Amino acid sequence: DVQLQASGRGLVQAGESLTLSCQASGFTFDDDAIAWFRRAPGKGREGVSCISSDDGTTFYTNSVKGRFTISRDNARNTVYLQMDSLKPEDTAVYYCAVALRAVAGKEQQQYRYWGQGTQVTVSS
């Protein structure tokens with residue numbers, strides 16, 4: 001069965017760091033784009049970052065540029081999101097997602113498989 005298992009949830013203070021990971025099983029995503037989305041309280045899901053499968057091109061939403069870093073380890077079928085200098089505004093449930101294409105954008109409709117979500121809470 002296809003699964004995306006996320007880990008790395010945590011409650012941290014503003015300014016601290018946290019790294020999320022998401023490991024896939026049941027398929028290999030070497031040829032697929034991967035993204036992290038998040039849903040903050042009272043808001044819809046937002047595309048945070050994505051990484052392509054071909055040349056590793058990345059994209060970040062403006063609010064996290066310079067603070068978050070997405071990476072992938074195809075050998076381990078795992079994607080990571082390193083989050084530095086966390087702010088209370090980053091508090092959200094974070095989801096990893098895999099698209100059945102080499103390059104994908106921010107629209108959630110482009111993604112076929114989704115993780116269960118992991119809670120990140122940043123206190124001030």
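Report follows, based on the coordinates. (Residues numbered from 1 in each chain as written. Predicted model: local features only at pLDDT ≥ 70, side-chain atom pairs only at ≥ 80, totals over all residues. Heavy atoms only, no water.)

## Details of the pairing of strand β8 (residues 78-83)
Here's step 1: Bridging between strand β3 (residues 18-25) and β8 involves six bridges; their strand directions are antiparallel. Paired with leucine 20 across the bridge in β8 is leucine 81.
Here's step 2: Judged from the six bridges that link them, strand β7 (residues 68-73) and β8 form a sheet pairing that is antiparallel. When the bridges of β8 are listed, threonine 69 appears paired with glutamine 82.
Here's step 3: The hairpin formed by β7 and β8 contains four residues between the paired strands, and asparagine 77 there has a positive phi angle of roughly 50°. (Pairing = 2+ DSSP bridges. Helix = DSSP H or I, 4+ residues; strand = E, 2+ residues; numbered from the N terminus.)

## Some points on the pairing of strand β5 (residues 45-51)
The two faces of the sheet receive side chains in turn, since in a regular strand these alternate between them.
Here's step 1: Where burial is concerned, most of β5 is hidden: five out of the seven residues are buried.
Here's step 2: Hairpin connection of strand β4 (residues 34-39) to β5: five residues between the antiparallel strands, including glycine 42 at a positive phi of 80°.
Here's step 3: Bridge count for β5 against strand β6 (residues 58-60) is three bridges, and the pairing is antiparallel. Within the sheet, the bridge partner assigned to isoleucine 51 lies in β6 and is threonine 58.
Here's step 4: Counted between consecutive antiparallel strands, the loop separating β5 from β6 contains six residues, among which glycine 56 sits at a positive phi close to 75°. (Buried < 20%, exposed > 50% of the residue type's maximum accessible area, 1.4 Å probe, protein only.)

## Quick look at the side chain of serine 52
Here's step 1: In this structure, serine 52 sits in the loop between β5 and β6.
Here's step 2: A polar atom in the side chain of serine 52 sits 2.8 Å from the side chain of aspartate 54.
Here's step 3: Within the structure, serine 52 has its side chain in polar contact with the side chain of aspartate 55 (distance 3.1 Å).
Here's step 4: In this structure serine 52 touches Ala33, Thr57, Arg72, Ala102 and Val103, once residues within four positions along its chain are discounted. (Polar contact = N/O pair within 3.5 Å; in protein donor to acceptor, adjacent residues only side chain to side chain. Contact = heavy atoms within 4.5 Å.)

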